[in-house]
Amino acid sequence: MLDLKKNSTAVTKIVLALVVAAFVFSFMSHAFASTAPAPAETTAAAAPAAGAGVAADASAPAAEAAVAPATAPGIIKGSENIPRISLKTFAVNIAKTTGIYAFISEVKEMKTPAGDAITIFGWQELLMIVVGFVIVYLGAAKNFEPLLLLPIGFGTIFVNIPFGGMGEGHGMLNIIYEAGVGNEFFPLLIFMGIGALTDFGPLIANPKTALLGAAAQFGVFGTLFGITAFNFVPGFDFTMKEACAVAIIGGADGPTTIYIAAKLAPHLLATVAVAAYSYMALVPIIQPPIMRALTTKHERLIKMKQLRAVGKVEKILFPLSALVLSILLIPSAAPLIGCLMFGNFIREIGIVDRLSKTMQNELLNIVSIFLSLGVGSQMTPEKFLNPASISIVVLGLLAFAIATATGVLVAKFMNLFLKEKINPLIGSAGVSAVPMAARVSNKVGLEEDPSNFLIMHAMGPNVAGVIGTAIAAGVMIAVYGG
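In this text the structure is predicted, and so the values were computed from the model without any measurement.

A closer look at the overall build of the protein chain
Here is step 1 of the chain: Within the protein chain, the regular secondary structure consists of 24 helices and two strands.
Here is step 2 of the chain: Counting every position in the protein chain, which comprises 482 residues, the buried fraction comes to 43%.
Here is step 3 of the chain: Taking the contacts inside the protein chain whose residues are at least 6 apart along the sequence as the reference set, 73% of them involve residues at least 24 apart.
Here is step 4 of the chain: Carbon and sulfur atoms form 71% of the exposed surface of the protein chain, whose accessible area is close to 25,100 Å².

Details of the packing of aromatic side chains
Here is step 1 of the chain: Taken as a whole, this structure holds six aromatic pairs when the rule is applied.
Here is step 2 of the chain: On the numbers, 5.5 Å between centres and 35° between planes, the contact of Phe-185 with Phe-186 is tilted.
Here is step 3 of the chain: Classification of Phe-186 as buried rests on a relative accessible area of 6%.
Here is step 4 of the chain: Relative to Phe-417, the ring of Phe-413 has its centre 5.2 Å away and its plane inclined at 70°; by these criteria the two rings are edge-to-face.
Here is step 5 of the chain: We classify Phe-417 as exposed; its relative accessible area is 61%.
Here is step 6 of the chain: One aromatic cluster in this structure is built from Phe-185, Phe-186 and Phe-370.

Comments concerning a nonpolar patch on the surface
Here is step 1 of the chain: A cluster of nonpolar side chains, contributed by Val-107, Phe-121, Trp-123, Leu-126, Leu-127, Val-130 and Val-134, occupies part of the molecular surface with about 610 Å² of accessible area.
Here is step 2 of the chain: If you tally residues by element for the nonpolar patch, the top one is helix H6 (residues 122–140), at five residues.
Here is step 3 of the chain: Inspection of the secondary structure assignment puts Trp-123 in helix H6.

Observations regarding the confidence of the model for the protein chain
Here is step 1 of the chain: With 85% of its residues at a pLDDT of 70 or more, the protein chain shows a mean pLDDT of 85.
Here is step 2 of the chain: The model gives residues 38–68 a pLDDT under 50, and that stretch makes five contacts with residues more than four places away or in other chains.

A look at the nonpolar core
Here is step 1 of the chain: Among the nonpolar cores identified, the biggest contains 105 residues, and Val-246 and Met-476 are the most heavily contacted of them.
Here is step 2 of the chain: The element best represented in this core is helix H24 (residues 455–480), accounting for 11 residues.
Here is step 3 of the chain: What Val-246 contacts, discounting residues up to four positions off in sequence, is Ile-227, Phe-238, Leu-268, Val-272, Ile-392, Leu-395 and Gly-396.

With respect to the environment of Leu-320
Here is step 1 of the chain: By secondary structure assignment, the location of Leu-320 is in helix H18 (residues 312–329).
Here is step 2 of the chain: For Leu-320, a relative accessible area of 37% gives the class partly exposed.
Here is step 3 of the chain: Measuring from C-alpha to C-alpha, the distance between Leu-320 and Asn-344 comes to 9.4 Å, with 24 residues separating the pair along the chain.

A few points about the layout of surface pockets
Here is step 1 of the chain: Of the pockets and cavities examined, the largest pocket occupies roughly 700 Å³.
Here is step 2 of the chain: Taken together, 29 residues line the largest pocket, and the ones lying closest to its centre are Leu-147, Leu-364, Ser-368, Val-434 and Pro-435.
Here is step 3 of the chain: Those elements giving two or more residues to the lining of the largest pocket turn out to be helix H7 (146–159), helix H9 (185–197), helix H15 (269–281), helix H20 (353–376), helix H23 (436–448) and H24.
Here is step 4 of the chain: No other element matches the eight residues that H20 contributes to the lining of the largest pocket.
Here is step 5 of the chain: Each residue belonging to the lining of the largest pocket can be placed in one class, and the counts come to 19 nonpolar, seven polar and three charged.
Here is step 6 of the chain: In this structure, the second largest pocket occupies an estimated 520 Å³ of space.

A word on the pairing of strand E1 (residues 107–111)
Here is step 1 of the chain: Bridge analysis of E1 against strand E2 (residues 117–121) gives five bridges, and the strand direction is antiparallel. By the bridge assignment for E2, Met-110 is matched with Ile-118.
Here is step 2 of the chain: What sits between E1 and E2 in their antiparallel hairpin is a turn of five residues, with Gly-115 showing a positive phi close to 95°.

Focus: unusual backbone geometry
Here is step 1 of the chain: Look at the link from Val-434 to Pro-435: it is a cis peptide, with omega at -10°.
Here is step 2 of the chain: The backbone phi angle of Phe-163 is positive, close to 65°, even though this residue is not glycine.
Here is step 3 of the chain: Mapping Phe-163 onto the fold places it in the loop between H7 and helix H8 (172–181).

Re the pattern of salt bridges
Here is step 1 of the chain: Applying the stated criterion across every chain, the model contains 13 salt bridges.
Here is step 2 of the chain: One salt bridge connects Arg-292 with Glu-447, and the closest N-O pair in it is separated by 2.7 Å. Placement of Arg-292 in helix H16 (residues 283–294) and of Glu-447 in helix H23 is noted, with a sequence separation of 155 residues between them.
Here is step 3 of the chain: On the basis of relative accessibility, which here comes to 42%, the residue Glu-447 falls in the partly exposed class.
Here is step 4 of the chain: A salt bridge links Glu-348 to Arg-347, with the nearest nitrogen and oxygen atoms 3.1 Å apart.
Here is step 5 of the chain: Note on Glu-348: relative accessible area 10%, which makes it buried.
Here is step 6 of the chain: One connected set of salt bridges, linked through shared partners, spans Arg-292, Lys-443 and Glu-447.

Here's the deal with helix H13 (residues 240–247)
Here is step 1 of the chain: With six of eight residues buried, H13 lies mostly within the body of the structure.
Here is step 2 of the chain: Buried within H13 are the following residues: Glu-242, Ala-243, Cys-244, Ala-245, Val-246 and Ala-247.
Here is step 3 of the chain: Buried positions along H13 lie against helix H12 (217–230), helix H14 (254–264), H15, helix H22 (387–414) and H24.

Observations concerning the environment of Leu-282
Here is step 1 of the chain: Among the structural elements, Leu-282 can be located in the loop between H15 and H16.
Here is step 2 of the chain: Judged by relative accessible area, Leu-282 falls into the partly exposed class, the value being 23%.
Here is step 3 of the chain: The spatial distance from the C-alpha of Leu-282 to the C-alpha of Gly-139 is 10.0 Å, given a sequence separation of 143 residues.

Calculation criteria
- Once a new chain begins, its residue numbering starts again from 1 and follows that chain's sequence as written.
- Two thresholds apply to this predicted model, a pLDDT of at least 70 for residue-level local features and 80 or more for giving and counting side-chain atom pairs, whereas whole-chain, interface and lining totals are computed over all residues.
- Think of the side-chain values as coming from all heavy atoms in the structure, minus any hydrogens and water.
- Where helices and strands are cited, they refer to DSSP runs of H or I of at least four residues and of E of at least two residues respectively, numbered from the N terminus.
- Burial status follows relative accessibility: with a 1.4 Å probe on protein chains alone, a residue under 20% of its type maximum counts as buried, one over 50% as exposed, and anything between as partly exposed.
- Contacts between residues were defined by any pair of non-hydrogen atoms, one from each residue, lying within 4.5 Å.
- All accessibility values rest on the Shrake-Rupley procedure with a 1.4 Å probe; residue burial counts only the protein chains present in the view.
- Pairing of aromatic rings covers Phe, Tyr and the six-membered ring of Trp, with a centre-to-centre limit of 6.5 Å; geometry is then stacked below 30 degrees between planes, edge-to-face above 60, and tilted otherwise.
- What makes a patch is a set of residues exposed beyond 30% relative accessible area and free of salt bridges, joined within 9 Å when like-charged and within 5 Å when nonpolar (Val, Leu, Ile, Met, Phe, Trp, Tyr).
- Any carboxyl oxygen of Asp or Glu within 4 Å of a side-chain nitrogen of Lys or Arg constitutes a salt bridge here.
- One number per residue, pLDDT, summarises how confident the predictor is, and it ranges from 0 to 100.
- Residues belong to a common nonpolar core when they are buried Ala, Val, Leu, Ile, Met, Phe, Trp, Tyr or Cys residues joined through side-chain atoms within 4.5 Å.
- Here the term cavity refers to a set of points on a 1 Å grid, laid over the protein atoms alone, in which a 1.4 Å probe fits but cannot get out; the term pocket refers to an open set having protein on both sides within 12 Å along at least five of seven lines, with lining residues being those that place an atom within 4 Å of a point.
- Grid points are joined across faces, edges and corners, and a volume is the space filled by probe spheres set on the points.
- In this classification, the charged set is Asp, Glu, Lys and Arg, the nonpolar set is Ala, Val, Leu, Ile, Met, Phe, Trp, Tyr, Cys and Pro, and all remaining amino acids, among them Gly, are polar.
- DSSP-based pairing: two strands are paired if at least 2 bridges between them are found.

Laid out in structure tokens, this is it:
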């Protein structure tokens, strides 16, 4: 007997010999079968009934011709109508399936979010792919909110791949979008995760900073009425529902923007979602110039006293109180505020750590990936490269700039009456981008004085801004959602 462990080469040769023998046997069997005469039953069936006499013998050649194969030598039976192989045709067909060919010659008739017909060329899809790579670069190389920008960038790249179909029918990106982005599902899950991550202690310890979160909503409502005024300009024709969906971008709150757009202006959801998430990610670029322009060096150097310690009972009662007030006063905002407070209550109650950690980590991370991919999947030429969409992006930037500016200006105004001054830089954190806006306030303050830490003070208006934007969305839905 062979020692199989020591004679591996011999075993390999034996196996190969068996495989070759099996192949030869199969080939010979097939060859003999194909040359064998027809069975007797076939011959008998081909012959006429008994008593036909000589006529039967005369018809035998015709019967044999009837059962003879109709295919020419070398052609597999059943493939008679399939075109013969042509290297030229094969090469041309291969070339037409490449991305290079699609980017150069592809032309498609599409519709914009408003329903207008538009012609899309292949180079426009290539342009959107380049935009996707730029977004990835900003997230990966410049560290501009990579948790948002990386999946948005790759979603943009994926959806514009020629012949990929990822954003169509049963494509992955279309399934993600239909499952949770185009409705309230993902936004509400995000709010649960944000609630579980949020410490409302700074807001409870310094309630007056809630005014800064409310002040940022001037950007939302100011842009709302500004958009209606734009309707007097040729080329602008926004309804109030559309104006609400665009104005809410000023809160720099992606989930809230998606939530209100899905209810008031679903056809604009793609554009406003991309704009809102873009401005959330670009907070470190957009806000600092506005903050420095509206404050003096002396104001930026203001140091605020350390916040008082907030008790556990206060932190537990706060989400319950906020939920009850939203139900009683603004029920249309209760789903957003309710999910936010539900996540926060789970965090503060301290007896369901598993749920709290799941909301903060696995749930929030998974939903953020899906939501961001879904947002990126909407960055297609017909939805993005048209005058209406570009005007929405510009108006959204205006809303965000106004929200930042009003937060800073209201903080300066409050200092006229306060003994303990507020650093106006934290006013910019009144937008809903948590915790990006608070980190930006802290960063600008540290640039002026490396010992001036504003992060905890800025979290007060920052979390107030989340609540304020949810309330603004509720008011819009209540007034114009009918």
